[in-house]
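So the chains spell out like this:
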Amino acid sequence: MHTDPADVVVRADRLTAEKSVFTAGRPVLDEVTALRALAAHGVLGPEQMLDPRLTVVDESRRCRCLIVRLADAGWVVKQGTSAETQETLDREAEVYRVLRGSSFAPYLPRFSAFDDHTGLLVTEFVDGQAPRDAHIADPARRPVTAVGIGAALARLHTVADDGGLPAQQPPPILRCGHPTLDSIEFHSPASLEVVRTIQSSPALSELLDGVHEQWSPGAMGHGDLRGDNILIRPSGEPVFIDWEMGGPGDRRWDIAGLLTERIVWWLTDPDAWVPMEAQATANAAAAAGLREIREFAHAFLGSYVVTYAGELDLAKAGLDDLMRWCGARLVQFAVEQTHQRSVPLATSRQLLQMAANFHTTPGVAARTFFGLAIDDGDR
């Protein structure tokens, strides 16, 4: 039996672009194109094309992204929307090709296809929870989830063959104390104010410059690791997604991202840490959140270090100056909160102050936020 994907009724949660529109020099990805791509690569058969449960949903952000679902199965079809995003998508496809035969493969969405001609990347759609949602939904599994993420990340960082992927460059945030006209052209008024604060702070400028100088792309990394780029399967296994910045990078950037993101959660939504029916005070919520950050840090870092170094010895894991790297990540989160705002949020200012403290008194920061005894050269 033959059926054309154009005959399939699809449903989307928003209007999609007309087929005459071109993006990155190619016809824009639409629902019919996505289905045809899945059929061409043998992912969907003729009978499945006629299944009334087949749906297509637009989840586009930087890239054009359509989610195709059929019962319990699902696929992500992505396409770049500009020369820049198509280049990052090409990189993501190369990362999948390098990692799918490695020990890290169980923590990737299944790779289906990448078409150089159409620029379409097809991978498994992972029906899982983001770590923050899993954290709130099932408190009893928080340590297990943290251990799983730590072990998986260590396996990524010990992948021996990078497949010739180009090394990640130091993130632009590390140079925001020395902005060029091009780098600030699209900043919001709030972003510009944060950049001025960084420039006027010797501690923050020294922090970012120091991390930039330390950058060493010595291991396979994700490059943009945070909760949004991890999904927890119902089995509890973590899956790392969105590899547009993946490749050889500095391990400390990945680790610091996951540690400091918990601080951002703590500042921006303290109620998430304490059940609403408890009617806890703000101080109680803050204290509970701090305990959760420490518990996550112990489970996550402990699992990472044991998997990476073979024993529970932070020094042998080669994470020198990790607290200052956490400070640099706090600066990144502070800037990200200013997008499309006229004035910075109060939490952005708090994150900048914390970042300065992580630089000037890293040992104190390690004890206070993560419950770690680290002699990191406090001044």
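Remember, predicted model here, so these are calculated numbers, not experimental data. (Residues numbered from 1 in each chain as written. Predicted model: local features only at pLDDT ≥ 70, side-chain atom pairs only at ≥ 80, totals over all residues. Heavy atoms only, no water.)

**Concerning the layout of surface pockets**
So, step 1. Its boundaries defined by the atoms lining it, the second largest pocket holds a volume of some 300 Å³.
So, step 2. Considering the residues around the second largest pocket, the lining is formed by 21 residues, among which Ala134, His135, Arg141, Arg142 and Thr145 are closest to the centre. (1 Å grid on protein atoms, 1.4 Å probe; cavity = no way out; pocket = protein on both sides within 12 Å on 5 of 7 lines; lining within 4 Å. Points joined across faces, edges and corners; volume = space filled by probe spheres on them.)

**With respect to the packing of helix α5 (residues 142-157) against helix α10 (residues 282-309)**
So, step 1. Between α5 and α10, whose axes approach to 7 Å, the crossing angle comes to 35°. Crossing geometry of α5 relative to α10 is assigned as right-handed. Where α5 abuts α10, its residues Arg142, Pro143, Ala146, Val147, Ile149, Gly150, Ala151, Leu153, Ala154, Arg155 and His157 lie against Glu292, Phe296, Ala299, Phe300, Ser303, Tyr304, Thr307 and Tyr308.
So, step 2. For the contact of α5 with α10, a count of residues per class yields twelve nonpolar, four polar and three charged. (Axes fitted to C-alpha atoms, helices over the stretch in contact; angles between N-to-C directions. Helix = DSSP H or I, 4+ residues; strand = E, 2+ residues; numbered from the N terminus. Left-handed = near helix turned anticlockwise from the far one by under 90°. Contact = heavy atoms within 4.5 Å. Nonpolar A, V, L, I, M, F, W, Y, C, P; charged D, E, K, R; others polar.)

**What about α5?**
So, step 1. Here α5 spans 23 Å end to end across 16 residues, near enough to the 22 Å set by a 1.5 Å rise per residue.
So, step 2. Among the residues of α5, Arg142, Thr145, Ala146, Ile149, Gly150, Ala151, Ala152, Leu153, Ala154, Leu156 and His157 are the ones counted as buried. (Expected span 1.5 Å × (residues − 1). Buried < 20%, exposed > 50% of the residue type's maximum accessible area, 1.4 Å probe, protein only.)

**Describing the pattern of salt bridges**
So, step 1. With the rule as written, the count across this model stands at 20 salt bridges.
So, step 2. Residues Arg97 and Glu94 are paired through a salt bridge, measuring 2.9 Å at the closest nitrogen-oxygen approach. Separated by three residues within a single helix, Arg97 and Glu94 lie in helix α3 (residues 83-99), roughly one turn from each other.
So, step 3. We classify Arg97 as partly exposed; its relative accessible area is 32%.
So, step 4. Linking Glu124 and Arg110 is a salt bridge whose minimum nitrogen-to-oxygen distance equals 3.3 Å. Taken as a pair, Glu124 in strand β7 (residues 120-124) and Arg110 in the loop between α3 and β6 (111-115) lie far apart in primary sequence, 14 residues in all.
So, step 5. Each member of the salt-bridge network shares a partner with another, and the members are Arg61, Arg62, Lys78, Glu92, Asp242 and Glu244. (Salt bridge = Lys/Arg side-chain N within 4 Å of Asp/Glu carboxyl O.)

**Thoughts on the confidence of the model for the protein chain**
So, step 1. Mean pLDDT for the protein chain: 88, with 88% of residues reaching 70 or above.
So, step 2. The weakest mean pLDDT in the protein chain belongs to strand β1 (residues 22-23) at 56; the strongest belongs to strand β10 (residues 238-240) at 98. (pLDDT = per-residue confidence, 0-100.)

**What about helix α8 (residues 202-214)?**
So, step 1. Taking 1.5 Å as the rise per residue, α8 with 13 residues should run 18 Å; its terminal C-alpha atoms sit 18 Å apart, in good agreement.
So, step 2. Turning to α8, its buried residues are Ala203, Leu204, Ser205, Leu207, Leu208 and Val211.
So, step 3. Close packing links the buried residues of α8 with α7 (189-200), α11 (322-336) and α12 (346-360).

**Re the side chain of Arg64**
So, step 1. Turning to its location among the elements, Arg64 is positioned in strand β4 (residues 64-70).
So, step 2. Relative accessible area serves as the criterion here: at 8%, Arg64 is assigned to the buried category.
So, step 3. Here Leu29 takes part through its backbone oxygen, which lies 2.7 Å from a polar atom of the side chain of Arg64. (Polar contact = N/O pair within 3.5 Å; in protein donor to acceptor, adjacent residues only side chain to side chain.)

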